[in-house]
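Chain by chain, the residues:
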Amino acid sequence: MKKTVSLLLVTLVSCVLAVTARAQLVVEIEGNAQNPTPIAVVPFDWSGSGVLAEDVASIISADLRRSGLFAPVPRDDMLSFPKTPEEVSFRDWRILGTEYVVTGRMQPQAGGYLLSFDLVNIFGQHKMFTKQVTGGAQQLRDVAHRAADEIYEAITGIRGAFGTQMVYVQETQRGGQPSYALMLSDIDGARARQIRRFSAPVMSPSWSPSGQEVAYVSFETGRPAIFRENIHTGARQQLTNFKGLNSSPTWSPDGSKLAMVLSKDGNPEIYVLDLNSGRFTRMTRHFSIDTEPNWMPDGNSLVFTSDRGGKPQIYQLTLATGQVDRLTFDGDYNARPRVSPDGKTLVMVHRSRGVFTIATMDIVSGRMRVLTETRLDESPSIAPNGAMLMYATKRGSKGILAAVSLDAGVKYSLPSQQGNVREPAWSPYFD
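Model, not experiment: these values are computed from the prediction. (Residues numbered from 1 in each chain as written. Predicted model: local features only at pLDDT ≥ 70, side-chain atom pairs only at ≥ 80, totals over all residues. Heavy atoms only, no water.)

(A) Looking closely at the overall build of the protein chain. Within the protein chain one finds three helices and 32 strands. Summarising its shape, the C-alpha atoms of the protein chain cover approximately 70 × 50 × 40 Å along the three principal directions. Looking at the protein chain alone, contacts between residues at least 24 apart form 45% of all its contacts between residues at least 6 apart. A total accessible area of about 18,900 Å² is found for the protein chain, and carbon and sulfur atoms account for 48% of it. Averaging the positions of the 45 positive and the 42 negative side-chain charges in the protein chain gives two centres separated by 7 Å. (Helix = DSSP H or I, 4+ residues; strand = E, 2+ residues; numbered from the N terminus. Contact = heavy atoms within 4.5 Å. Areas by Shrake-Rupley, 256 points an atom, 1.4 Å probe, with all protein chains shown as cover. Lys, Arg positive; Asp, Glu negative; His and termini not counted. Charge placed at Lys NZ, Arg CZ, Asp CG, Glu CD.)

Structure follows, in structure tokens:
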């Protein structure tokens, strides 16, 4: 097959600008799990000169609170500020009902910072660990997120995902005209920056498994086209230029392929593009609309949306045999499938009685669970540890992002102070 892919290398160092504080997403906690664990992250000792640009202990506390599984003790309620585990008074913290205390010491090192931090079990009256995290001069938030990940995993047994990122689409007005930007930020909405700005719509961002690239759909050529872009270097490649639909790119687990939707043969069908050879392989052949593919974690099958049963429902395609099986039956509309990292849970946009919500389904039992209560929820994206998912919704007429745990016990929103935001994509781990 003749390659239709052209490589467009563009260096963005000189044209990608940092976004102003008004473009940040702001976390608003809406609900916690039942009986969250009380934990105190004591202000850290700082042995350097001046004042640190970020309050690392406060960021760790905010991370743990946002998970919904922890109830950090407010600083005003703390009876003491120990710098080391040896200074922790178990009696004082038991009075407050605190189960864990985190102490820490920040110190400068060549080109950055070193954080030594301790996790103390109050009721067990012992130190669980002392660990160290380092970071460059501009990486105080990274230091905090990595420490929060360590604390979260030590207590819950689940790997933390506070150090991950997300991409999303932001729409604003410039000179009375809509302007679209593909944005990158920490998962808490901080340090938002523009990857690329467009005068035409952009949608469906999808992370590569390495966390180095994103694929997305842009209308900049006058019709939808799929691009891949390195978020660090700005190297960009246009992958499709077919007439009709070019949509819903999603990376295979090994990063060697992209599944997508093309209508180049007259009907929207699922295709797989081999990124090494540039070869497109058609995977579905049906007169219905087949769209929104997503890979199963083992890379052997795809889940996708199709109306071949009369209304949009989710199906699974086994790549080796071409066999297609219907997965969803509850509700009159199930679409935009995403699969949890362990392959056991299907996340989707679910409609029942005219209301669009985010729901999960146990793939083995078929048991469905509605996670959200708003009316226009869409574009779910699952955290790499499978604990939470991000999605787009509406607050009044404004598009915002929100998050919910897969057990529906934890909820928070991330409204933007500037424009509408939508189409979130949660990054993989970066190591």
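(B) Geometry of the side chain of Glu213. By the element assignment, Glu213 lies in strand E13 (residues 213-218). For Glu213, a relative accessible area of 16% translates into the label buried. Within the structure, Glu213 has its side chain in polar contact with the side chain of Arg228 (distance 2.9 Å). Those residues in contact with Glu213, other than ones at most four positions away along the chain, are Ser206, Trp207, Ser208, Arg228, Glu229, Asn230 and Trp251. (Buried < 20%, exposed > 50% of the residue type's maximum accessible area, 1.4 Å probe, protein only. Polar contact = N/O pair within 3.5 Å; in protein donor to acceptor, adjacent residues only side chain to side chain.)

(C) Structural view of the packing of aromatic side chains. According to the stated counting rule, one finds ten aromatic pairs in the structure shown. Ring geometry for Tyr152 versus Phe162: centroids 5.4 Å apart, planes at 85°, classification edge-to-face. Remark: Phe162 occurs in the loop between helix H3 (140-156) and strand E9 (165-174) and Tyr152 occurs in helix H3; sequence separation between them is ten residues. Neither Tyr152 nor Phe162 differs from the other in exposure class; each is buried. Between Tyr333 and Phe356 the ring centres are 5.2 Å apart and the planes differ by 85°, which places this aromatic pair in the edge-to-face class. (Phe/Tyr/Trp six-rings, centres within 6.5 Å; stacked < 30°, edge-to-face > 60°.)

(D) Representation of the packing of helix H1 (residues 56-66) against H3 in the model. Running from N to C, H1 and H3 point in directions that differ by 45°, and their axes come no closer than 8 Å. On the basis of the axis angle, H1 is oblique to H3. Our pair here, H1 against H3, has a crossing hand that is right-handed. Every residue of H3 that contacts H1 at Val56, Ile59, Ile60, Asp63 and Leu64 is listed here: Leu140, Arg141, Ala144, His145, Ala147, Ala148, Ile151 and Tyr152. Taken together, the residues of the contact of H1 with H3 break down into ten nonpolar, one polar and two charged. (Axes fitted to C-alpha atoms, helices over the stretch in contact; angles between N-to-C directions. Parallel < 35°, antiparallel > 145°, perpendicular 65-115°, else oblique. Left-handed = near helix turned anticlockwise from the far one by under 90°. Nonpolar A, V, L, I, M, F, W, Y, C, P; charged D, E, K, R; others polar.)

(E) Quick peek at the pairing of strand E6 (residues 100-109). Buried residues dominate E6, accounting for seven of its ten residues. Sheet topology places E6 next to strand E7 (residues 112-121); ten bridges connect them, and they run antiparallel. Considered in E7, the bridge of Gln107 is made with Leu114. Joining the antiparallel neighbours E6 and E7 is a turn of two residues, in which Gly111 adopts a positive phi near 75°. (Pairing = 2+ DSSP bridges.)

(F) View of the confidence of the model for the protein chain. With 94% of its residues at a pLDDT of 70 or more, the protein chain shows a mean pLDDT of 91. Note that pLDDT drops below 50 for residues 1-22; the model gives that stretch 44 contacts with residues more than four away or on any other chain. (pLDDT = per-residue confidence, 0-100.)

(G) Region of the structure containing the side chain of Arg66. Turning to its location among the elements, Arg66 is positioned in helix H1. You can call Arg66 buried: its relative accessible area is 5%. Looking at Arg66, its side chain comes within polar contact range of the side chain of Asp63, at 3.1 Å. The residues contacting Arg66, other than those within four sequence positions of it, are Val27, Ile29, Phe162, Ile187, Asp188, Met388, Val410 and Tyr412.

(H) The arrangement of the nonpolar core in detail. Membership of the largest hydrophobic core comes to 27 residues, with the highest contact counts inside it found for Phe44, Val56, Ile60, Leu64, Met106, Leu115 and Ile151. Sort the elements by how many residues they give to this core and H3 lands first, with seven residues. Excluding anything up to four places from it in sequence, Ile151 contacts Ile39, Ile60, Leu64, Val102, Phe117, Leu119 and Phe129. (Core = buried A, V, L, I, M, F, W, Y, C linked by side-chain atoms within 4.5 Å.)

(I) Geometry of H1. With respect to burial, H1 is a largely interior element, eight of its eleven residues being buried. Measuring from the side-chain oxygen of the N-cap residue of H1 to the backbone nitrogen of Ala57 gives 3.4 Å; that N-cap residue is Asp55. Looking at the residues trailing H1, positive phi occurs at Gly68, about 80°.

(J) Molecular detail of the pattern of salt bridges. Throughout the structure, instances matching the rule amount to 24 salt bridges. Asp118 is paired through a salt bridge with Arg105; the nearest N and O atoms lie 2.8 Å apart. A residue pair is termed long-range when its members are at least 10 positions apart, and Asp118 in strand E7 and Arg105 in strand E6 qualify at 13 residues. A salt bridge links Asp431 to Arg159; its shortest N-O distance comes to 2.6 Å. In this pair, Asp431 sits in the segment after strand E32 (420-426) while Arg159 sits in the loop between H3 and E9, placing the two residues 272 residues apart along the sequence. For Asp431, a relative accessible area of 78% translates into the label exposed. Overlapping salt bridges bring together Glu54, Arg141, Asp142, Asp186, Asp188 and Arg191 as one network. (Salt bridge = Lys/Arg side-chain N within 4 Å of Asp/Glu carboxyl O.)

(K) Expanded view of the sheet that holds strand E10 (residues 177-186). With antiparallel pairing, four strands are arranged side by side in an open sheet as E11-E10-E9-E32. Pairing within the sheet leaves two strands with one partner each, and these edge strands are strand E11 (193-198) and E32. Geometrically, the sheet is characterised by an average inter-axis angle of 20° between neighbouring strands, direction not taken into account. Alignment of E10 against E11, held across five bridges, turns out to be antiparallel. Among the inter-strand pairings, Tyr180 is bridged to a residue of E11, identified as Phe198.

(L) View of the environment of Ser306. Relative to the elements of secondary structure, Ser306 occurs in strand E21 (residues 301-306). On the accessibility criterion, Ser306 (1% relative accessible area) is buried. Setting aside chain neighbours within four positions, we find Ser306 in contact with Ser288, Ile289, Asp290, Lys311, Pro312, Gln313 and Tyr315. Of note is the side chain of Ser306, whose polar atom sits 2.6 Å from the side chain of Asp290.

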